[in-house]
Amino acid sequence: MPNASSWSASSPLLLLWEDSSGTRIFLSLLYAVLAISGTLSNVMVIYLVFSFKKLQTTSNAFIVNGCAADLSVCALWMPQEAVLGLLPPNSSSLRSAEYRLLRGGLLGLGLTVSLVSHLLVAFNRYVLITKLPSVYQALYQRRHTGCMIGLSWALALLPVPLLPGLWTLGSAQSDGSSRYTALLLALAVLGQTALLLHCYLGIVRRVRGSAKRVSVLNFHLLHQLPFPAAPPPPRRAQRRLSSVSVLLLCCVFLLGTQPLVWVSLLGFFLRPAPPALQAASWLLLCSLSALNPLLYTWRSEEFRRAARSVLPRGEGPAA
């Protein structure tokens, strides 16, 4: 009976060693669905940003960067996992060291750039909302934005040789390297998550405080007007809706990343988690690549308007 580290190395889908063919087929279909939906959504966001000038903003440049990284997971890595899950466990394709290195590199590159892009988007919005406009304009010039995007790919290329250690077959030395690689990955994701939450919670505090100060100012001005004023806009509802959107984004991101973090920490400091839990944590992390485009565009009226102008609606010319 193989241990947990040899389990993660031997299975291309991060399945159990003794999984039935039915389970492997189910997960292959799940990867196929994520691959198709994630590829279409990421390509759609990239196309809309490049096609509509109103969408060509600095924040959307970082979103497009994340979509390009997610395509390496959804369009290149997931289809291979879906196909390999249908092959017999003793297939020669599953035991090729070069092929495992390629798959591990694609997954590591895509996930790393995607996570860095999440942080770049959050920091961009944090500076835009909480700092002076002059600070934002000086920091996010076109050249600086390009350097940030290039740096995200350069940083992602550094740990790529380490990430395939999670798939290496199992001697004692490779088991130890896999544990340390998993620990490094967990600490990196945990640090990135802390910075992202700091940015978004700072945005929520600033928006709430600014809206409250504006509401108080309007209240005093209304009593000084010599004529009846129109009812104020529902700032409380708008503020609550914006806060819910930010918190929903954070919750989805935490649900996708934190299980893998704590499973990795548990396996390093105490004992390896059950293989099914490891598989579920990896699947949640990879599914973020298909959900990321929706997280950043579903609340944007500009994205919705651009999508409606591109997608067929089945209406006549009069409409």
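Quick note: structure is the one above.
This is a predicted model, so every value here is computed, not measured.

Draft legend 1. Structural view of the state of the cysteines. Here the structure, examined in full by the defined rule, presents 0 disulfides. Distance from the sulfur of C74, which forms no disulfide, to the nearest cysteine sulfur (C286) is 9.0 Å. For C74, a relative accessible area of 0% gives the class buried. What makes C286 buried here is its relative accessible area of 0%.

Draft legend 2. Fine view of the packing of helix 2 (residues 21-51) against helix 9 (residues 275-297). Their axes nearest at 9 Å, the elements helix 2 and helix 9 cross at an angle of 30 degrees. Here helix 2 lies roughly parallel to helix 9, going by the angle between them. The two elements helix 2 and helix 9 meet at a crossing, and its hand is left-handed. Touching L27, L30, Y31, L34, S37, G38, S41, N42 and V45 of helix 2 are L283, S287, S289, A290, P293 and T297, all from helix 9.

Draft legend 3. Inspection of the side chain of T193 at higher detail. Its location among the elements puts T193 in helix 7 (residues 172-224). A distance of 2.7 Å separates the side chain of T193 from the backbone oxygen of V189, its partner in a polar contact. Apart from the residues lying within four places of it in its own chain, the contact partners of T193 are F253, L254, T257 and Q258.

Draft legend 4. Layout of the environment of M44. Positionally, M44 belongs in helix 2. For M44, a relative accessible area of 22% gives the class partly exposed. Sequence spacing of M44 and P293 is 249 residues, and the spatial spacing of their C-alpha atoms is 8.7 Å. Residues contacting M44, with those up to four places away along its chain left out, are A307, V310 and L311.

Parameters at a glance
Residues numbered from 1 in each chain as written. Predicted model: local features only at pLDDT ≥ 70, side-chain atom pairs only at ≥ 80, totals over all residues. Heavy atoms only, no water. Disulfide = S-S within 2.5 Å. Buried < 20%, exposed > 50% of the residue type's maximum accessible area, 1.4 Å probe, protein only. Axes fitted to C-alpha atoms, helices over the stretch in contact; angles between N-to-C directions. Helix = DSSP H or I, 4+ residues; strand = E, 2+ residues; numbered from the N terminus. Parallel < 35°, antiparallel > 145°, perpendicular 65-115°, else oblique. Left-handed = near helix turned anticlockwise from the far one by under 90°. Contact = heavy atoms within 4.5 Å. Polar contact = N/O pair within 3.5 Å; in protein donor to acceptor, adjacent residues only side chain to side chain.

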